[in-house]
Amino acid sequence: MSLQSGLDALKQKRYQEAVELLEQFCRNCVDSDSSDYLSAQMWLMKAYQGTGEIEKAKILCQKLMISENPQTRSWAEQASQSLRQTPSNASQKAGRAASTGMKLTMGGVGGSLVLASGVTMALLFGMVLALALSLVFIVGSNDPLQGLAIAIGITLVFNIAAFFLSPFLMDLTQGWLYQTRWVELAEVESLSPETAKIIRQVCQQKNLKIPRLGIINDQNPTAFTYGSLPNSARLVVSQGLFTYLDDDEIATVYAHELGHIVHWDFAVMTVASTLVQICYLIYSTARRFGRGGGDNKIKDAIQTAALVAYVFYVAGTYLLLYLSRTREYFADHFAAESTGNPNGLSRALVKIAYGILEEGSRSPEPSRLIEGTRALGIYDHKAAASTGTAYRIASDPQKVGRVFLWDMFNPWGWWMELNSTHPLTGKRVRALSTYAEQLGLATEFDMGRVIGEGKTLSKSRLYGSFFLDVVLYGAETIGFFVGLVMGMILWSSSPNTGLVIGAPLIGLGIGIVIKALVMFPDYKQAPETDILTLMSDPYASPLRGQPAKLKGQLIGRGDAGYKFGSDLKIQDRSGMLYLRYASRFGPIGNFLFGMKRVQSLIGEQVAAVGWFRRGVAPWMDLIQLKSENGTIVNSYHRFWSFLLGSGSIILGVALTMFLSSR
């Protein structure tokens, strides 16, 4: 697509067409420093103005103002003057409280932070202590009190060392991976005056030192905090935060991170994470010792300790995730109270999602910064696709609100959230809307409308198949154990070793086949649709695939930091979606496809057929790609499921017959 065609559409005031042409040109442009690319960005800003998307025009203008090209910077600075005087969605933004510091009730949102932290820490500490004791006693200590002292000493020393050393290790890691630049408050003030005001205000009220402030030169918007003590905390943001958010929105993000510092969240999470890792360390160590020879009693005890350690590790991981989600709710609450602007934080969360999506559409690979700081960041980037897509197609609170239906009402949302470090976006925005209502403000996103629409959803569709699907999610495991039990029952009445070995394999295979039939339904009548429509479906499931056809452009790989990744990103007029590829030849075929073919496909206009799924992050299991130049790519998710299932059944039957005949 040529730059001139986009300029011609702009001159003829065909603004929407100009936006599409110029966006496509920018995505296809290899050199982001070339004069053509910069020209396209400048005219795209004008096209956004023409379509009334002033927020997007402002975001693009801010990016051009930090360009290395002096002429581009000068042009953007002049253009920013006119943008400030242009009415936009910003004039329709929901308001904020006249004063800050008003107490807001949480109404049960997020539970109790003190209780969550205390219970989590106590249980994790108890797990580690119990495991340390068991290992000390196993090595044959004659003095139980001495063993107890050693166990407690090891646990305390390890955790204290981790507590105080982890921030410095994080500093080294951040500097090496992301080139974090440490700045003074004055520089932050030049980028966001209200942010500096909030930092001073909170630190003065809470008697804290101003945290060490860092900026990462990355346009993916994010922010995170880490440290050991509140007065030695680090608060780091990316440059993208200043690009995609307005001044008051940036201030709410900083206030959210300051909330983590005030609540000691980073310290609790540092220790809790260390305790979970100790469980895993004990598990892996005990497992290795348990494999050796020696006294059978000691060996059995070590193997038992390894099993218990693994159970504690899994339980500790979920406790840690629960604590992480709880602290996000309380940090949001703190930001709403300290800024008096819950609506600003609601907008910030949506714009961060949009920024992550936009940067992802321009990059051939997912951001290492966003992937690497997922647990620390203010926003789970995996949840950005649906919210960011809604904002991308139209900065309309109603359209954005519709994608929250899945977060609020789909039972899979609750199930998937158990494995997430952050609450689902819809739930966070809902909580922030209640704070706005307490302040007597109109809400940015009409969550009342969302709740009302959610109550009209079919409960039978939402819950009727959910409980069955949860069972089907583990169909292969259930099939294996059912087969094992059946084999044991039959073996007790007619001793036949073949039944004990073959029946579990047959059950496993039947489970795989049943699950595949549900996951991969017939796709011959798959409807043609767009990405936003798929993401707005409140009934979408991670298990039951929804056949769909999409038309769009392949814009990059879906694997962060992996140059031979086989997954792809497709973008249409409404948003971006990950496509998961499965070769007929398994992992080796995936690797060869990623190495030899993916790069040549990037930039192609394609028609994609696949099964859409929705979890915390939405994706599509690819069936077939057809490019405009005739290239066809087939993917074999269903093939592998049926092959493994039928293979397991055949092997189970063969073993049963073979061993029965002996």
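Coordinates for the structure precede this section.
Conventions we followed
Residues numbered from 1 in each chain as written. Predicted model: local features only at pLDDT ≥ 70, side-chain atom pairs only at ≥ 80, totals over all residues. Heavy atoms only, no water. Helix = DSSP H or I, 4+ residues; strand = E, 2+ residues; numbered from the N terminus. Buried < 20%, exposed > 50% of the residue type's maximum accessible area, 1.4 Å probe, protein only. Contact = heavy atoms within 4.5 Å. Areas by Shrake-Rupley, 256 points an atom, 1.4 Å probe, with all protein chains shown as cover. Arc of directions from axis to C-beta. Pairing = 2+ DSSP bridges. Axes fitted to C-alpha atoms, helices over the stretch in contact; angles between N-to-C directions. Parallel < 35°, antiparallel > 145°, perpendicular 65-115°, else oblique. Left-handed = near helix turned anticlockwise from the far one by under 90°. Salt bridge = Lys/Arg side-chain N within 4 Å of Asp/Glu carboxyl O. Phe/Tyr/Trp six-rings, centres within 6.5 Å; stacked < 30°, edge-to-face > 60°. Lys NZ or Arg CZ within 6 Å of the ring centre and 35° of its normal. Polar contact = N/O pair within 3.5 Å; in protein donor to acceptor, adjacent residues only side chain to side chain. Nonpolar A, V, L, I, M, F, W, Y, C, P; charged D, E, K, R; others polar.

**Comments concerning the overall build of the protein**
Next, step 1: Assigned secondary structure in the protein consists of 29 helices and ten strands.
Next, step 2: Residue burial in the protein is summarised as follows: out of 662 residues, 53% are buried.
Next, step 3: Taking the contacts inside the protein whose residues are at least 6 apart along the sequence as the reference set, 72% of them involve residues at least 24 apart.
Next, step 4: Counting only carbon and sulfur atoms, one obtains 61% of the accessible surface of the protein, whose full area is about 29,600 Å².

**What to know about helix 23 (residues 466-473)**
Next, step 1: Along helix 23, the residues classified as buried are Phe466, Asp469 and Leu472. One face of helix 23 carries all of its buried residues, which in axial projection span an arc of 115°.

**Focus on the sheet that holds strand 1 (residues 181-183)**
Next, step 1: Sheet architecture is open: four strands sit in the order 1-2-4-3, paired in mixed fashion. A strand with exactly one partner marks an edge of an open sheet, and here the two such strands are strand 1 and strand 3 (223-226). Strand after strand, the sheet turns through a mean of 30° between neighbouring axes, direction not considered.

**Points about the packing of helix 1 (residues 3-11) against helix 2 (residues 15-28)**
Next, step 1: Here helix 1 crosses helix 2 at 160°, and the two axes come no closer than 8 Å. Put simply, helix 1 runs roughly antiparallel to helix 2. In the crossing of helix 1 with helix 2, the sense of the turn from one axis to the other is left-handed. Facing helix 1, whose interface residues are Leu3, Ser5, Gly6, Ala9 and Leu10, helix 2 presents Tyr15, Glu17, Ala18, Leu21, Leu22 and Phe25.

**What about the pairing of strand 2 (residues 212-216)?**
Next, step 1: The buried count for strand 2 comes to four of five residues, which makes it a mostly enclosed element.
Next, step 2: Note: strand 2 against strand 4 (residues 234-238), five bridges, orientation parallel. Looking at the pairing, Ile215 lines up with Val237 of strand 4.

**So, the pattern of salt bridges**
Oppositely charged side chains may form a pair once their charged atoms are brought near each other.
Next, step 1: For the structure on display, the rule yields 18 salt bridges.
Next, step 2: Connected through salt bridges with shared partners, the residues Asp246, Asp248, Glu249, Arg347, Lys351 and Glu444 form a single ionic network.

**Some words on the packing of aromatic side chains**
Next, step 1: The tally for this structure, following the rule as stated, stands at 13 aromatic pairs.
Next, step 2: Plain terms: the ring middles of Trp412 and Phe466 are 5.1 Å apart, the flat faces sit at 85° to each other, and that makes the pair edge-to-face. Of this pair, Trp412 sits in helix 19 (residues 411-417) while Phe466 sits in helix 23, placing them 54 residues apart in sequence. Each member of the pair, Trp412 together with Phe466, is buried.
Next, step 3: Judged by centre distance (5.5 Å) and plane angle (45°), the rings of Trp412 and Tyr473 are tilted. Separated by 61 residues along the polypeptide, Trp412 in helix 19 and Tyr473 in helix 23 bring together distant segments of the chain.
Next, step 4: In this structure Trp412 comes out as buried when scored by relative accessible area, which is 3%.
Next, step 5: Each residue in the set Trp412, Trp414, Trp415, Phe466, Phe467 and Tyr473 is aromatic and connected to the rest through ring pairs, giving one cluster.
Next, step 6: If you follow Arg212 out to its NZ or CZ, it ends over the ring of Trp182, 4.0 Å from the centre.
Next, step 7: In this structure, Arg580 is placed above the aromatic ring of Trp619, and the distance from its NZ or CZ to the ring centre is 4.2 Å.

**Some remarks on the side chain of His256**
Next, step 1: Inspection of the secondary structure puts His256 in helix 11 (residues 247-262).
Next, step 2: A polar contact is formed between the side chain of His256 and the side chain of Glu328, at a distance of 2.9 Å.
Next, step 3: Apart from residues no more than four positions distant in its own chain, His256 is found in contact with Glu328, Ala331, Asp332, Ala335, Ile378 and Arg428.

**With respect to the environment of Gly647**
Next, step 1: Counting through the fold element by element, Gly647 comes out in helix 29 (residues 637-660).
Next, step 2: Spatially, the C-alpha atom of Gly647 lies 7.2 Å from that of Gly509, the residues being 138 residues apart in sequence.

**Details of the packing of helix 1 against helix 3 (residues 35-51)**
In helix packing, the relevant descriptors are the interaxial angle and the interaxial distance, both defined with respect to the helix axes.
Next, step 1: Interaxial distance between helix 1 and helix 3 falls to 11 Å at its minimum, and their mutual angle equals 25°. The angle between helix 1 and helix 3 falls in the class roughly parallel. As for how helix 1 packs across helix 3, the hand of that crossing is left-handed. When helix 1 is examined against helix 3, the residues Leu3, Leu7 and Leu10 are found in contact with a partner set consisting of Asp36, Ser39, Ala40, Trp43, Lys46 and Ala47.
Next, step 2: Tallied by class, residues from the contact of helix 1 with helix 3 come to six nonpolar, one polar and two charged.

**Some remarks on unusual backbone geometry**
Next, step 1: Positive phi is not limited to glycine here, since Gln179 has a value of about 55°.
Next, step 2: Turning to its location among the elements, Gln179 is positioned in the loop between helix 7 (144-178) and strand 1.
Next, step 3: We classify Gln179 as exposed; its relative accessible area is 53%.

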